[in-house]
Amino acid sequence: LVIPTWALAKTWYAANNETIRKADAIVVMGAAQLDGRPGEVLKARLKETARIYENNFAPKIFTLGAGAPGDRFTEAGAGRTWLISNGVPRGAITAIPEGRDTFQSIEALTKGVKKLDIKDIIIVTDPYHCLRSMTMANDQGFVATCSPTRVGIASLEKAGFRYLVREAGAYLAYVTL
């Protein structure tokens, strides 16, 4: 009982305590795209990314995520296109179209920035996904903080207890395997 309660509390705390500070790059975790257009969850992440980019928290943005089998577009590509069409300079954004889950996406980021001097990152994702994403990034050698989305179906107001339990369980699975 203690360990699951600890994981729930830690996941809740990370979701409710934004930790962003100046960094080398902003990293947008992938989510569903619909024929090249961001789905609701991805769009919320992209809006938060644009907000913190405009506030000069980091000079570079990396969008992550592959496409589902049979997709013509990737999550990373759809995110990059949306950011460009919403005023973020094309040269500031790099799409890394690999990874169908959090771990694969973070691994792809690690390979993609190997030659660059990127250590401090701000991850943009859903609030309850922050802890697991930051933990995986830290394990890959990054110093990660998180800027959770503020709007959309995965925001704190709408996500619900079920999403908290799911992410706490996924975090526990990651740290114990």
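In what follows, the structure referred to is the one given above.
Now for a description of the structure that goes with this document.

Things to note about the environment of Leu-156
(1) Moving on: Within the fold, Leu-156 resides in helix 6 (residues 156-176).
(2) Moving on: Exposure remark for Leu-156: the relative accessible area of 27% places this residue in the partly exposed category.
(3) Moving on: Residues Leu-156 and Pro-127 lie 29 residues apart in sequence; the distance between their C-alpha atoms is 6.5 Å.

Notes on the pattern of salt bridges
(1) Moving on: Within this structure, the stated rule accounts for ten salt bridges.
(2) Moving on: Here Glu-18 and Arg-51 are joined by a salt bridge, their closest N and O atoms 3.7 Å apart. Within this pair, whereas Glu-18 is found in the loop between helix 1 (2-16) and strand 1 (25-28), its partner Arg-51 is found in helix 2 (residues 40-54), the two being separated by 33 residues in sequence.
(3) Moving on: Judged by relative accessible area, which is 28%, Arg-51 ranks as partly exposed.
(4) Moving on: One salt bridge connects Glu-18 with Arg-150, and the closest N-O pair in it is separated by 2.7 Å. Here the residue Glu-18 occupies a position in the loop between helix 1 and strand 1, and Arg-150 occupies one in the loop between strand 7 (143-148) and helix 6, the gap between them amounting to 132 residues.
(5) Moving on: By relative accessible area, which is 35% here, Glu-18 ends up partly exposed.
(6) Moving on: Through salt bridges that share partners, Glu-18, Glu-48, Arg-51 and Arg-150 make up one connected network.

Calculation criteria
Per chain, residues are indexed from 1 in the order of the written sequence. In keeping with the model being predicted, local features are shown solely for residues with a pLDDT of at least 70 and side-chain atom pairs are shown and tallied solely at 80 or more, while totals for entire chains, interfaces and linings include all residues. With hydrogens and water set aside, each side-chain value is computed from the structure's full complement of heavy atoms. Every helix listed is a DSSP run of H or I at least four residues long, and every strand listed is a run of E at least two residues long, numbered separately from the N terminus. For each residue, the accessible area found with a 1.4 Å probe, counting protein chains only, is set against the maximum for its type, and the residue is called buried under 20%, exposed over 50%, and partly exposed in between. Salt bridges, as used here, are contacts in which a Lys or Arg side-chain nitrogen is within 4 Å of a carboxyl oxygen on Asp or Glu.

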